[in-house]
Amino acid sequence: MLDWVADPQIWIGFFTLVALEIVLGIDNIIFISILAGKLPPEQRDRARVLGLAAALISRLILLLGLTWVVRLTAPLFTVLGQDISGRDLILLLGGLFLLAKSVTEISHSMDAPHDKDGRKGAGVSFTSVIVQIMLLDIVFSLDSVITAVGMVDELGVMIAAVVVAVLVMLFASGPISRFVDKHPSVKMLALAFLVLIGMVLVAEGFDQHIPKGYIYFAMAFSVVVELLNIRMRGRHAKPVEKDAPEEGAAPNMN
């Protein structure tokens, strides 16, 4: 019954699926980090944990309802010669929501001031942030589960891979969130990524498949360039600090 446990092909599929689930979860981590960053500092960690817990639960529910997930790919109706399935509708609505949310966040980031504690000018409720995270979790989970179904046949392997991937995302979300909050330019870059991902979701909803490798390569390249910019700005800031007179030092009269 458990012969698959000793099958090396199963383990190769497991580790490959874990890696893919983590890669597919990057956009989810970015979205959760940005939304959690709108909350007071003492609530951000709890929001991230609840958001990723919701992502795990939604993925497991979809995996347990594999028959329903497979049926989502069947055409429901046709618009201008284009077959629209349940999956297409979810991707379209999710993509449009992500586009609207990302553009709104970009606008707020440019206009809204911060106070000394890092809070935004406009208050945001904890419940509204969790609800928004859960809505987008459904869209991201659907893509994740369809990937799992296409790679592995054993349900137990799929569930184990998803659980491991979400746990890795949980440990990575804290450092990523703090890094994004510390560097405003990185946050703007992350929001631009979400706009890109929203456009990809809308395109997928119309059966215009864009290879994910191109998207993630562009994101990785942009992140490397931004890290180099951060390092360069840090190096230029150091000489200014060194030139400043030390406290209590006598002024140079020459």
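Going by the structure above, here's the rest.
Draft legend 1. Geometry of the nonpolar core. Core analysis: the biggest nonpolar cluster contains 32 residues, and Ile 30, Leu 98, Leu 194, Ile 197, Leu 201 and Met 219 have the highest contact counts within it. Among the elements of the structure, helix H2 (26-36), helix H3 (41-64), helix H5 (86-111), helix H6 (126-151), helix H8 (184-205) and helix H9 (212-243) are those that each provide at least two residues to this core. At eight residues, the largest contribution of residues to this core is made by H8. Setting aside residues up to four positions removed in sequence, Leu 98 forms contacts with Phe 31, Leu 136, Phe 140, Leu 194, Ile 197, Gly 198 and Leu 201.

Draft legend 2. Seen up close, the pattern of salt bridges. In this structure the tally under the stated criterion is two salt bridges. In this structure, Asp 45 and Arg 48 form a salt bridge, with 1.9 Å as the shortest nitrogen-oxygen distance. Of this pair, Asp 45 and Arg 48 both sit in helix H3, three residues apart, which is roughly one turn of the helix.

Draft legend 3. Region of interest: the side chain of Lys 101. On the secondary structure map, Lys 101 appears in helix H5. Among the polar contacts listed, one links the side chain of Lys 101 to the side chain of Gln 132, at a separation of 2.6 Å. Lys 101 has contacts with Phe 31, Leu 35, Lys 38 and Gln 132, leaving out every residue within four places of it along the chain.

Draft legend 4. Spatial organisation of the packing of aromatic side chains. Summed over the entire model, instances satisfying the criterion amount to one aromatic pair. Directly above the ring of Phe 126 sits Arg 46, whose terminal nitrogen or CZ lies 4.3 Å from the centroid.

Draft legend 5. Highlighting the packing of helix H7 (residues 155-182) against H8. In the contact formed by H7 and H8, the axes pass within 5 Å of each other and the chain directions differ by 110 degrees. Relative to H8, H7 is oriented roughly perpendicular. Of the residues in H8, those in contact with Phe 179, Val 180 and Lys 182 of H7 are Pro 184, Val 186 and Lys 187. When grouped by side-chain class, the residues that make up the contact of H7 with H8 number four nonpolar, no polar and two charged.

Draft legend 6. Region of the structure containing the packing of H2 against H7. H7 packs onto H2 with a crossing angle of 50 degrees between their chain directions and a minimal axis gap of 10 Å. In terms of their interaxial angle, H2 and H7 are classed as oblique. Seen along the crossing, H2 lies across H7 with a hand that is right-handed. Residues Asn 28, Ile 29 and Ser 33 of H2 lie in contact with H7, whose contacting residues are Met 169, Ser 173, Ile 176 and Ser 177.

Draft legend 7. Up close: the pairing of strand S2 (residues 82-85). Judged from the four bridges that link them, strand S1 (residues 75-79) and S2 form a sheet pairing that is antiparallel. Bridging from a neighbouring strand, Phe 77 pairs with Ile 84 of S2. Where S1 folds back onto S2 in an antiparallel hairpin, the turn is made up of two residues, including Leu 80, whose phi is positive at roughly 50 degrees.

What counts and how
Once a new chain begins, its residue numbering starts again from 1 and follows that chain's sequence as written. With the structure being a predicted model, the display of local features is reserved for residues of pLDDT at least 70 and the display and counting of side-chain atom pairs for 80 or more, all residues being used for whole-chain, interface and lining totals. Here the side-chain values reflect all heavy atoms present in the structure, with hydrogen atoms and water set aside. Think of a nonpolar core as a cluster: buried Ala, Val, Leu, Ile, Met, Phe, Trp, Tyr and Cys residues, connected wherever their side-chain atoms sit within 4.5 Å. Relative accessible area decides the class of each residue, using a 1.4 Å probe on protein chains only: under 20% of the type maximum gives buried, over 50% gives exposed, and in between gives partly exposed. For helices the rule is a DSSP run of H or I covering at least 4 residues; for strands it is a run of E covering at least 2, with both sets numbered from the N terminus onward. Contacts: residue pairs with any heavy atoms within 4.5 Å of one another. Throughout this description, the term salt bridge denotes a Lys or Arg side-chain nitrogen within 4 Å of a carboxyl oxygen of Asp or Glu. Pairs of N or O atoms within 3.5 Å make up the polar contacts considered here, provided that, within protein, one atom can donate a hydrogen while the other can accept it, and that residues adjacent in sequence are counted only when both atoms are side-chain atoms. Ring pairs are drawn from Phe, Tyr and Trp, using the six-membered ring of Trp, whenever the two centres fall within 6.5 Å, and their geometry is named by plane angle: stacked under 30 degrees, edge-to-face over 60, tilted for the rest. Cation placement over rings: the criterion is NZ of Lys or CZ of Arg within 6 Å of the ring centroid and within 35° of the ring normal. Between the N-to-C directions of two axes lies an angle of 0 to 180 degrees, each axis being a line fitted to C-alpha atoms and, for a helix, fitted only over the stretch in contact. Orientation is classified from the angle alone, with under 35 degrees giving roughly parallel, over 145 giving roughly antiparallel, 65 to 115 giving roughly perpendicular, and any other angle giving oblique. Under the grouping applied here, Gly and all other residues not named as nonpolar or charged are polar, the nonpolar ones being Ala, Val, Leu, Ile, Met, Phe, Trp, Tyr, Cys and Pro and the charged ones Asp, Glu, Lys and Arg. Throughout, a crossing is termed right-handed when the near helix is turned clockwise from the far one, and left-handed when it is turned anticlockwise from it by less than a right angle. Any two strands with at least two DSSP-identified bridges between them are counted as paired.

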